[in-house]
Amino acid sequence: MLINMNQLLEIAKENHFAVGAFNVADSNFLRVVIEAAEENDAPAIIAVHPTELDFTKDEFFQYAVRRVKNSPVPFVIHMDHGDNLASIMRAIHCGFSSVMIDGSLLPFEENIAVTKEVVDICHKIGVSVEGELGTIGNTGTSVEGGVSKVTYTKPEDAEEFIARTGIDTLAVAIGTAHGIYPKDVKPELKMDILEQIKEKVAIPLVLHGGSANPDEEIEKAVQIGIQKVNISSDYKYAFYKKCREILASTELWDPNAIYPECIEEAKKVVKQKMTLFHSIGQAQLYRQANIKPWRQELN
């Protein structure tokens, strides 16, 4: 079932769990996310960065939309880090039910203006909008980029940003980074900032750069009030680690001989994350609530 982010995270917020947003870059990763969600009866978000959409092409997501619409599990297809109105409109035309406009590197007033423009357009057609305030770090191991020095989200700015833009979800900066951390770096999330933000805002909060962080910190963030956690590098790493092992030990060249084990390894990581987010088995809540598929709820 395809729904939008408001429909998805309203129930997650009410029941104190988070939903994983897993970046998808080809059909193998789409299979990983959908199959793991269905096998564990867990809601999931299929996240797509603009560079991933460039690679997979628009037509690929015609299939993705059809696939999730026919699933008994709730899914959102979400544009991750949309960088301008053109990338947002491309995602909408592909059938995405949710978008993120990332104006986090802009001055505060410009971020508000750009984000509000996207909100005004998207809300007319039932597409949810995520904004970002503060910046995410960069480990150098992800196409999603980031900055060398994190700017933490100010709780008072978060309150004003939400009020003036009308966004549905807010990505906050509390010390995470995109990619896999170097071995000599131990990330530490600033839970006090998250708690202060949570005290001031009511909308669902999003944690970017969820890969490679200590499980106990992610679980604590979910307990405080994070409803969406972005995961990309962790499960892609597991996929390609297995792929390298197979290619290093055999002369196989057929995808159907190489990829099945890689898919299963990646699914193990996705399941572990879903366990951490307390989302396993939670798809039943959406069926019990008789949530209507996206678009139908506008009628």
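Going by the annotation in an unreviewed UniProt entry, the name recorded for the chain is Ketose-bisphosphate aldolase, with Enterococcus durans given as the source organism.

S.K.: Even after reading the chapter, I still don't get the overall build of the chain, so can you show me in this structure?
M.R.: The helix and strand tally for the chain stands at 12 helices and 10 strands. Residue pairs in contact within the chain that sit at least 24 positions apart in sequence constitute 75% of those at least 6 positions apart. For the chain, the exposed area adds up to about 13000 Å²; of that, 51% sits on carbon and sulfur atoms.

S.K.: Explain the state of the cysteines to me, please; I cannot follow it from the model alone.
M.R.: Joining two cysteines, a disulfide is a covalent bond between their sulfur atoms. Evaluated as defined, the whole model comprises 0 disulfides. Between Cys262, a free cysteine, and Cys243, which holds the nearest cysteine sulfur, the sulfur-to-sulfur gap is 4.4 Å. Residue Cys262 is classed as buried on the basis of its relative accessible area, which comes to 0%.

S.K.: What should I look at first to understand the UniProt feature "binding site: Zn(2+) 1" (unreviewed entry) in the chain in this one?
M.R.: Look at the UniProt record and you will see "binding site: Zn(2+) 1" (unreviewed entry) annotated at His81, His178 and His208. With respect to the element layout, His81 can be found in strand E3 (residues 75–82).

S.K.: Help me understand the nonpolar core, please; the structure alone is not making it clear to me.
M.R.: As a rule of thumb, soluble globular proteins bury nonpolar side chains together. Residues Ile46, Phe61, Ile77, Val99, Leu170, Leu194 and Tyr235 are the most contacted members of the largest nonpolar core, which totals 79 residues. Per element, the largest residue contribution to this core is 9 residues, and it comes from helix H11 (residues 255–277). Those residues in contact with Tyr235 that sit more than four places away from it in its chain are Phe22, Asn23, Val24, Phe29, Val32, Val33, Ala266, Val269 and Val270. Within the second largest apolar cluster, 15 residues are counted, among which are Met1, Leu8, Val19 and Ile45.

S.K.: I would appreciate a short explanation of the pattern of salt bridges in the present structure.
M.R.: Pairing of side chains with opposite charge becomes possible as their charged atoms draw close. Under the counting rule described, the total for this entry stands at 16 salt bridges. The salt bridge partner of Lys267 is Glu39, with a shortest N-O separation of 2.7 Å. Here Lys267 is found in helix H11, whereas its partner Glu39 is found in helix H2 (residues 27–39), with 228 residues between them in sequence. What makes Glu39 exposed here is its relative accessible area of 55%. For Asp234, the salt bridge is made with Lys273, and the minimal N-O distance between the two is 2.8 Å. You can see Asp234 sitting in helix H10 (residues 233–249) and its partner Lys273 sitting in helix H11, a full 39 residues away along the chain. As far as the burial class goes, Asp234 and Lys273 line up, both buried. One continuous salt-bridge network, built from bridges that share partners, spans Arg31, Glu35, Glu39, Glu264 and Lys267.

Rules used in this analysis
Residues numbered from 1 in each chain as written. Predicted model: local features only at pLDDT ≥ 70, side-chain atom pairs only at ≥ 80, totals over all residues. Heavy atoms only, no water. Helix = DSSP H or I, 4+ residues; strand = E, 2+ residues; numbered from the N terminus. Contact = heavy atoms within 4.5 Å. Areas by Shrake-Rupley, 256 points an atom, 1.4 Å probe, with all protein chains shown as cover. Disulfide = S-S within 2.5 Å. Buried < 20%, exposed > 50% of the residue type's maximum accessible area, 1.4 Å probe, protein only. UniProt positions renumbered as here; feature names shortened; annotations may be inferred. Core = buried A, V, L, I, M, F, W, Y, C linked by side-chain atoms within 4.5 Å. Salt bridge = Lys/Arg side-chain N within 4 Å of Asp/Glu carboxyl O.

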